[in-house]
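Analysis of the macromolecular model
One letter stands for each residue in the lines below.
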Amino acid sequence: MAFWKLRVEGEVVSTNDVVRGMGPWCAVVAKRQTGGRGRYGRKFVSDEGGMWLSAVVPTPGGPQAWVGYALAVGWALLCYLRSIGGGLPTARLRWPNDILVEKRKLAGILLEQPNERECIVGIGLNVRNDLTCAEGDLARTAIRLADCIAPQILPSLEELVEGTLDAIRYSWERFSMGGLAGLKDEINGCWGRMRRVRLELADGKVVEGVMVGIDEVGAILVSGDEGTDSYAAHKVKQLFEVE
Ligand code: BTN
């Protein structure tokens, strides 16, 4: 932990906002967020008992050099979570950067670029938070670490923060060394079986096909009747697994 400068907060709107401007290798964790957000401004429910964490990492070479970094973060976080105990053999990635257990979401990742030199990595992990008191169908679509791991080996929030910050740092080191190309095969081993997906694109179009992996810059490869096409994450509003 000594490497990171960590600030611990009670209630905040969004840890991604609090950490903005604090500088590289600073991180903020909060008890709850009132305005937690996900990709495309979607609401991210963040009640007490979960891990709501944001960290700033430097992006030497500018944003273009860091395209696809979010996938590296998801991969490193998944590796860390799988290392905790025997409860997560079915944990997997869902493109671009959710972590699921079977079909339910365990963790979400949101990267934001406040300037050319740094990037904010926001991670929300359901741990002991009560999903049944949240609005919507969260109890059906989400899952908590406490539902996957025996209570005696379930880490404390402090331990999870430490492990997650280590994972972010590791993802940064690996990405700095070889970019996404150096991690592509490892990441492609984390999707579980190849599934049929429907993509809602940012321009309103919808495409469907079988996800066959990612390319060197993290774009999803979708195979259909006409061949295989790639779609960059910033062009995809939402991905649905349809089988
Ligand atoms: C997603 O599911 O689309 C990404 C969710 C990211 C949630 C985390 S919680 C910590 C940080 N603060 C936020 O407002 N969002 C991220």
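Refer to the preceding data block for the structure.
Now for a description of the structure that goes with this document. What you see is a predicted model; the values in this text were computed from it and never measured.

In this section: the layout of surface pockets. A volume near 1000 Å³ is recorded for the largest pocket. Phe44, Arg94, Asp98, Lys105 and Gln238 are, among the 42 residues lining the largest pocket, the residues nearest its centre. Listed by contribution, the elements that provide at least two residues to the lining of the largest pocket are α1 (15–19), β3 (51–58), β5 (98–101), β6 (104–115), β7 (118–125), α3 (138–141) and β12 (236–241). By residue number, the principal contributor to the lining of the largest pocket is β12, which donates five residues. In the lining of the largest pocket, the residues fall into 14 nonpolar, 15 polar and 13 charged. Here the lining of the largest pocket gathers at least three residues from each of two domains, domain 1 (5–187) and domain 2 (196–241). Taken as a whole, the second largest pocket spans an internal volume of roughly 600 Å³. The wall of the second largest pocket is formed by 23 residues, among which Gly68, Ala70, Leu111, Ala233 and His234 lie closest to the centre. Those elements that provide at least two residues to the lining of the second largest pocket are α2 (69–84) and β6.

A word on unusual backbone geometry. The phi torsion of most residues other than glycine is negative, and most of the peptide bonds are trans. Cis geometry marks the peptide bond from Trp95 to Pro96; its omega dihedral reads 0°. Mapped onto the elements, Pro96 comes out in the loop between β4 (91–94) and β5. In this structure, Glu102 takes a positive phi of about 50° despite not being glycine. If you trace the backbone, Glu102 turns up in the loop between β5 and β6.

Now for the packing of aromatic side chains. Inspection of every chain in the model, using the stated rule, returns 10 aromatic pairs. Ring centres 5.1 Å apart and planes at 85° place the aromatic pair Trp66 and Tyr69 in the edge-to-face group. Members of the aromatic cluster, each reached through a chain of ring pairs, are Phe3, Trp4, Trp25, Trp66, Tyr69, Trp172 and Phe175. One Lys or Arg, Arg169, reaches over the ring of Phe3 and ends 3.6 Å from the middle of that ring.

What counts and what doesn't
Residues numbered from 1 in each chain as written. Predicted model: local features only at pLDDT ≥ 70, side-chain atom pairs only at ≥ 80, totals over all residues. Heavy atoms only, no water. 1 Å grid on protein atoms, 1.4 Å probe; cavity = no way out; pocket = protein on both sides within 12 Å on 5 of 7 lines; lining within 4 Å. Points joined across faces, edges and corners; volume = space filled by probe spheres on them. Helix = DSSP H or I, 4+ residues; strand = E, 2+ residues; numbered from the N terminus. Nonpolar A, V, L, I, M, F, W, Y, C, P; charged D, E, K, R; others polar. Domains from an automatic or database assignment. Phe/Tyr/Trp six-rings, centres within 6.5 Å; stacked < 30°, edge-to-face > 60°. Lys NZ or Arg CZ within 6 Å of the ring centre and 35° of its normal.

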